[in-house]
Amino acid sequence: MLKPTGLGIAAAFLVGSLSASGALAYDGTKCKAPGNCWEPKPGYPEKVAGSKYDPKHNVAELNKQSDSIKAMEQRNELRVANFKKTGKWVYEVNKLPK
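The shown structure was predicted, so the numbers you read here are calculated from the model rather than taken from an experiment. (Residues numbered from 1 in each chain as written. Predicted model: local features only at pLDDT ≥ 70, side-chain atom pairs only at ≥ 80, totals over all residues. Heavy atoms only, no water.)

Caption draft 1: Molecular detail of the packing of aromatic side chains. Overall, the coordinates contain two aromatic pairs when judged by the stated rule. Between Tyr44 and Tyr53 the ring centres are 4.5 Å apart and the planes differ by 45 degrees, which places this aromatic pair in the tilted class. Here Phe83 and Trp89 contribute two aromatic rings whose centre-to-centre distance is 6.1 Å and whose plane-to-plane angle is 65 degrees, an arrangement assigned as edge-to-face. The ring of Tyr91 is capped by Arg79, whose NZ or CZ atom sits 4.4 Å from the centre of that ring. (Phe/Tyr/Trp six-rings, centres within 6.5 Å; stacked < 30°, edge-to-face > 60°. Lys NZ or Arg CZ within 6 Å of the ring centre and 35° of its normal.)

Caption draft 2: Representation of helix α2 (residues 59–86) within the structure. Its 28 residues place the ends of α2 41 Å apart at the C-alpha level, agreeing with the 40 Å of an ideal helix rising 1.5 Å per residue. Where α2 bends most, the angle comes to about 30 degrees, and this point is Gln65. With a side-chain oxygen positioned 3.1 Å from the backbone nitrogen of Ala60, the residue opening α2 is Asn58. One or two positions beyond α2, positive phi appears at Gly87, with a value near 85 degrees. (Helix = DSSP H or I, 4+ residues; strand = E, 2+ residues; numbered from the N terminus. Expected span 1.5 Å × (residues − 1). Bend = angle between axes of the 7 residues up to and from the residue. Polar contact = N/O pair within 3.5 Å; in protein donor to acceptor, adjacent residues only side chain to side chain.)

Caption draft 3: Focus on the side chain of Ser51. Within the secondary structure layout, Ser51 lies in the loop between α1 (6–24) and α2. Relative accessible area serves as the criterion here: at 14%, Ser51 is assigned to the buried category. At 2.7 Å, the side chain of Ser51 and the backbone oxygen of Val48 are in polar contact. Dropping the residues within four chain positions of it, Ser51 is found in contact with Pro45 and Lys56. (Buried < 20%, exposed > 50% of the residue type's maximum accessible area, 1.4 Å probe, protein only. Contact = heavy atoms within 4.5 Å.)

Caption draft 4: How the structure looks around unusual backbone geometry. Despite not being glycine, Lys56 shows a phi value in the positive range, around 50 degrees. Tracing the chain through its elements places Lys56 in the loop between α1 and α2. Taking the relative accessible area as the measure of exposure, Lys56 reaches 60% and is therefore exposed.

What follows is the structure, given as structure tokens:
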């Protein structure tokens, strides 16, 4: 049984990388612009809205994150106002004096 040597491993790596370079050599013949080479699969529609690829997102679900960020900012404003007033940082908003 042969033991792999450093030279043998390097040779195998070189042969493997040379054979894989053909897949990486995209000539850009179907690019719309330099660097814009995305192409849809055959049968993918020009317009996604209304097609079977349309994700049909629920507006309420999409707004959940922005609503939670607004609530976070309001809580932070209350914390900062209390800190400027008292000099103590209170994390729990329900423990802030009214």
